[in-house]
Amino acid sequence: MIQVKGLHKSFGKHKVLRGIDLQVAKGEVIVVIGPSGSGKTTFLRCLNFLEQADEGEISIANTCINCRHVTQKEILQIRRSTAMVFQLYNLFQNKTALENVIEGLVVARKVPHAEAAATGRRILDKVGMTEKYDAYPSQLSGGQQQRVGIARAIAVNPEVILFDEPTSALDPEWVGEVLGVMKQVARGGLTMIVATHEISFARDIADRVIFIDGGVIVEQGTPEEVLSHPQEERTKQFLKRILPAADYAI
Amino acid sequence: MSNIFSLELFIDSFPILLSRIHITLFIVIVALLLGLVLGTCVAVVRLYRVPVLTQMAIVYVSFIRGIPILVLLFIIYIGLPLLVGTIGLNINRWDTLFFVMIAYVVNTAAFLSEILRSAVAGVEKGQTEAAYSVGLTRWQAFYRIVAPQATKIAIPALGNTVVSLLKDTSLAYTLGVIDIIGVINAISSNTHRSLEAYTAAAFIFFGLSAVMEKGFRWVELRLGVKNTTQGSAQKKLAAVGR
Amino acid sequence: MGFQFDLGFLVYELGIGIRYVPVVFLLSVVPLIIGLLLGTGIAVVRLLSLHPFDKILAMLVIFLRGVPLVLQLTILYLTFSLGFDSLAKALGLAATAKDIPYTFVAIVGLSVNATVYLSEVMRTSLQSVGVGQYEAAYSVGLTTGQTLRRIVLPQALPMAVPLVGSQFISLIKGSAIASLISVVEVINATVYEANGNYKFLEAYVAAGIIYWVLCMGVERLVAWLEARVGIYSRGGVA
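Read on for an overview of the structure. Predicted model only: the values in this text are computed from it and were never measured.

**Side note on the overall build of chain A**
Here is step 1 of the chain: Per the secondary structure count, chain A includes 10 helices and 10 strands.
Here is step 2 of the chain: The C-alpha atoms of chain A give 18 Å as radius of gyration, which agrees with the globular expectation for 250 residues (18 Å, within 12%).
Here is step 3 of the chain: Each principal axis of the C-alpha distribution contributes one length, and for chain A these read about 55 × 45 × 30 Å.
Here is step 4 of the chain: Taking all 250 residues of chain A together, 58% fall into the buried category.
Here is step 5 of the chain: Within chain A, counting contacts between residues at least 6 apart in sequence, those at least 24 apart form 64% of the total.
Here is step 6 of the chain: When the accessible surface of chain A is summed, it comes to about 10,600 Å², and 47% of that surface belongs to carbon and sulfur atoms.
Here is step 7 of the chain: The positive charge centre, built from 29 side chains, and the negative charge centre, built from 29, are 5 Å apart in chain A.

**Notes on the pattern of salt bridges**
Residues and elements named next belong to chain A.
Here is step 1 of the chain: Under the counting rule described, the total for this entry stands at 17 salt bridges over all chains.
Here is step 2 of the chain: Where Arg208 meets Glu28, a salt bridge forms, and the shortest distance between an N and an O atom there is 3.0 Å. Taken together, the residues Arg208 in strand β9 (residues 208–213) and Glu28 in the loop between β2 (14–24) and β3 (29–33) connect sequence positions 180 residues apart.
Here is step 3 of the chain: Residue Arg208 is classed as buried on the basis of its relative accessible area, which comes to 17%.

**Let's talk about the sheet that holds strand β1 (residues 2–11) of chain A**
Adjacent strands of a sheet form backbone hydrogen bonds with each other and so pair up, either parallel or antiparallel.
All names here are of chain A.
Here is step 1 of the chain: In space, the four strands of this open sheet follow the order β2-β1-β4-β5, with antiparallel pairing throughout. Whereas interior strands pair on both sides, the edge strands pair on one side only; in this sheet they are β2 and β5 (63–66). Across the sheet, the mean angle separating the axes of adjacent strands is 15° when strand polarity is ignored.
Here is step 2 of the chain: Against the sheet, helix α1 (residues 40–47) touches β1, β2 and β4 (55–60), its axis set at about 120° to β1.

**What to know about the nonpolar core**
Here is step 1 of the chain: By size, the foremost hydrophobic cluster in this structure holds 158 residues, and its most contacted members are Leu7, Phe43 and Ile193 of chain A, Leu17 and Tyr104 of chain B together with Ile187 of chain C.
Here is step 2 of the chain: Top element by residues in this core is helix α10 (residues 200–229) of chain C. It accounts for 13 residues.
Here is step 3 of the chain: Setting aside chain neighbours within four positions, we find Ile187 of chain C in contact with Leu70 and Val71 of chain B together with Ala176, Ser179, Tyr204, Ala207 and Tyr211 of chain C.
Here is step 4 of the chain: Counting residues in hydrophobic clusters, the runner-up holds 53 residues, among them Val85, Ile150, Val194 and Leu227 of chain A.

**Side note on the interface of chain C and chain A**
Here is step 1 of the chain: Taken together, the 23 residues of chain C in the interface contact 28 residues of chain A.
Here is step 2 of the chain: Summed over both sides, the interface between chain C and chain A buries roughly 2,200 Å², with carbon and sulfur atoms accounting for 56% of that surface.
Here is step 3 of the chain: Viewed at the interface, chain A and chain C are joined by two salt bridges.
Here is step 4 of the chain: One salt bridge in this structure joins Glu135 of chain C and Arg45 of chain A, with 2.6 Å as the shortest N-O distance.
Here is step 5 of the chain: Elements with a contribution of two residues or more to the side of chain C that touches chain A: α7 (131–139) and α8 (144–174) of chain C.
Here is step 6 of the chain: With seven residues, α7 of chain C is the single largest residue contributor to the side of chain C that touches chain A.
Here is step 7 of the chain: Residue composition of the side of chain C that touches chain A, by class: 11 nonpolar, nine polar and three charged.

**Description of the pairing of strand β10 (residues 216–221) of chain A**
Residues and elements named next belong to chain A.
Here is step 1 of the chain: Strand direction decides the pairing type here: β9 and β10, joined by five bridges, are antiparallel. Counted as the bridge partner of Val209 is Gly221 from β10.
Here is step 2 of the chain: Counting the residues between successive antiparallel strands, the hairpin from β9 to β10 contains two residues, one of them, Gly214, with a positive phi of roughly 60°.

**Considerations on the interface of chain C and chain B**
Here is step 1 of the chain: The interface of chain C with chain B comprises 39 residues on the first partner and 41 residues on the second.
Here is step 2 of the chain: Carbon and sulfur atoms make up 75% of the area that chain C and chain B hide from each other, which totals about 3,400 Å².
Here is step 3 of the chain: Linking chain C to chain B there are one salt bridge.
Here is step 4 of the chain: A salt bridge links Arg65 of chain C to Glu213 of chain B; the nearest nitrogen and oxygen atoms lie 2.7 Å apart.
Here is step 5 of the chain: Counting every contact that joins chain C to chain B gives five residue pairs in polar contact (both at pLDDT 80 or more).
Here is step 6 of the chain: Of all the elements in the fold, those that place two or more residues in the side of chain C that touches chain B are α3 (53–65), α4 (69–82), α8 and α10 of chain C.
Here is step 7 of the chain: Ranked by residue count, the leading element in the side of chain C that touches chain B is α10 of chain C, at 11 residues.
Here is step 8 of the chain: Grouping the amino acids of the side of chain C that touches chain B by side-chain chemistry returns 28 nonpolar, eight polar and three charged.

Conventions used here
- Residues numbered from 1 in each chain as written.
- Chains lettered and ligands numbered in written order.
- Predicted model: local features only at pLDDT ≥ 70, side-chain atom pairs only at ≥ 80, totals over all residues.
- Heavy atoms only, no water.
- Helix = DSSP H or I, 4+ residues; strand = E, 2+ residues; numbered from the N terminus.
- Rg over C-alpha atoms; globule rule 2.2 N^0.38 Å.
- Buried < 20%, exposed > 50% of the residue type's maximum accessible area, 1.4 Å probe, protein only.
- Contact = heavy atoms within 4.5 Å.
- Areas by Shrake-Rupley, 256 points an atom, 1.4 Å probe, with all protein chains shown as cover.
- Lys, Arg positive; Asp, Glu negative; His and termini not counted.
- Charge placed at Lys NZ, Arg CZ, Asp CG, Glu CD.
- Salt bridge = Lys/Arg side-chain N within 4 Å of Asp/Glu carboxyl O.
- Pairing = 2+ DSSP bridges.
- Axes fitted to C-alpha atoms, helices over the stretch in contact; angles between N-to-C directions.
- Core = buried A, V, L, I, M, F, W, Y, C linked by side-chain atoms within 4.5 Å.
- Buried area = accessible area lost by both parts, 1.4 Å probe.
- Nonpolar A, V, L, I, M, F, W, Y, C, P; charged D, E, K, R; others polar.
- Polar contact = N/O pair within 3.5 Å; in protein donor to acceptor, adjacent residues only side chain to side chain.

What follows is the structure, given as structure tokens:
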């Protein structure tokens, strides 16, 4: 139910996306891997219009949008059916954890406050932040902040959650717990597109792995196919660089 | 419209006003230099908590920063001769410029002392500790490590103070100084029309402050001062400088 | 010749001056509020780069920032007196009400001054809020207006409060300049009383003390506000 056709994006003279085509089914977990500068972050940000693609079509649920001629109303529509988890968490500094989670519900979707708060608490419990409803981001650790970020994304009940390198900025001790929460979310049946370097996560949870390099999808398939038996040369080169030798040999 | 504003008079005002620019600049430069000296002394007194002098310094800074320049100008102009008269000196005949200068020095020193104090306090304590641990004396640590860093922190606020000082000198005419604004009284009693001259003066002051701001920005760039994002030291400084 | 300072007269003058403190408030609080409203508006226009207004406003702000307050007030005062006739007809003012218009001119002039400074204060404060906050807000579906109002502005406050307080103090001291365009306020009042006995020093010192006390009061107020507004910006964030 997500369809992307012919996505192109340049920043000035630098062409970052050179034609991305993708189809995502409901409940699928897609993991996007690729070197820095390959365009995976830009791709994600084009999906919720934090960047506007130069060319291409994006359809999410029933809304089909032409990136070149998109209206402000359509952008808002797309943003109300997607959610994003950021590398730097980007929690609202002036709001508590609970307020962060329900902001999208109360303000953007006009959900009554009591109902939103109940939903918010329920989701914060699910990500293990029960004690911290009223804590401000400055009082939370990195891992805790990211968990709130994930809760905030889940709360708005989106068609798809976009994860932009969610664990790259975390201290190693917190990476595990955040990945754990993400696995929970995946098992819960939510559609996810995750850009990450965590290959083991891809292996455990992804339905499909996509390798992007130089602005195009080089290869895609099941984790088994792409990670253990890559077909393309570029994929093999990339994996050799980031996987310890033992893993790759399997 | 030429009843209210005559473009010709406006343009003609410039040469006359510019001929007095040296007075304005003189006040600014002298007040800045002497104010820096006095301000440093006051800052040092407060940083080292010298007994008695510190309390006096606190009152001095608080009072001067809390009164309008206009009031200060007149207090110095009327009060200084009276004060000095008690030791037998008669300075009533001294040039008004002298009194004006004293007033601006006293004013600038008060603001500068706060900026310097905050800047020194803004240098991390760890720097001084590291300096001692490699064997530097108190003076060396201050002179070689703390002062340079404090200067970098202080420069933006210092720049603001100088531009404010420039604009404050616009009140010197109330004591009779014939500077850029003071000379307008002379012109307008001739033509009875001063609006054009005042507008010309506005442009001149804008030009002067633009030049000064550019100058300070150049200094900031050369010293590598980060002006855009404000750290907590900068934030306090911004509140302190006027 | 001894230095005679008449404390009794000083106290008397303090009593005279205090009666005009409301005028000082009028000349500082009103411009402050107007300056905050208009200044924030200008800051938002410049922040969001709304052409061509942002460029025009930027030029106006940069120019006016370099003009001393006394010139701003004098120019307004002269323009106003020269155009008084047409203005009086338009507003239906009686020609005898001379004082009120001058206070009005002073308020306008001080408001312009305040707007210019506060627009810069709000601009830098708003800029200090990281772009990640905007992105997160957009990603949960907030509009630009909602984002600015609910997320960005509150986070700009801790930085803005001390600067706005500093501007309030500047306005209080700036109101003294209104005395130069015939507005009846503290300085004019105390000096007038000294016309009889020539004790002008006591008059100016009294005026100074009144302003000093007012400024100290505002400093206390700002310190209290700073403490209240800073709760969620304690501690660092990744």
